[in-house]
Amino acid sequence: MKSPKKPLQAQPLQPGDYYLNDQGLMVFTAQYHLKRGYCCGSGCKHCPYKK
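All values derive from a computational prediction rather than experimental measurement. (Residues numbered from 1 in each chain as written. Predicted model: local features only at pLDDT ≥ 70, side-chain atom pairs only at ≥ 80, totals over all residues. Heavy atoms only, no water.)

> How would you summarise the side chain of H33 if you had to cite specific residues and measurements?
Summarising the element assignment, H33 is placed in helix α1 (residues 30-36). Using a relative accessible area of 0% as the deciding quantity, one classes H33 as buried. Here H33 is in contact with F28, Y38, C44, H46, C47, P48 and Y49, once residues within four sequence places are set aside. (Helix = DSSP H or I, 4+ residues; strand = E, 2+ residues; numbered from the N terminus. Buried < 20%, exposed > 50% of the residue type's maximum accessible area, 1.4 Å probe, protein only. Contact = heavy atoms within 4.5 Å.)

> Tell me about the packing of aromatic side chains, and name the residues and values.
According to the stated counting rule, one finds one aromatic pair in the structure shown. Where F28 meets Y32, the ring centres are 4.1 Å apart and the plane angle is 20°; that geometry is what we call stacked. A residue is classified by how much of its surface remains accessible, and F28, at 26% relative accessible area, is partly exposed. Judged by relative accessible area, Y32 falls into the buried class, the value being 17%. The side chain of R36 reaches across the aromatic face of Y38, ending 4.9 Å from its centre. (Phe/Tyr/Trp six-rings, centres within 6.5 Å; stacked < 30°, edge-to-face > 60°. Lys NZ or Arg CZ within 6 Å of the ring centre and 35° of its normal.)

> An account of the side chain of D17 is needed here, citing residue identities and associated values.
Here D17 shows up in the segment before β1 (18-20). For D17, the side chain forms a polar contact with the side chain of K35, separated by 2.9 Å. (Polar contact = N/O pair within 3.5 Å; in protein donor to acceptor, adjacent residues only side chain to side chain.)

So, in structure tokens, the structure goes:
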């Protein structure tokens, strides 16, 4: 099965797309990943596309 095409332009962040962890780093949520529509392969903590 082909993976979805990547969008041509980054989408603006919306409330619920990320949070800041205890170290102050931005952590993307599953909501963000689903809106993006594909797995980047970076091993994101909340990636809904894990195999």
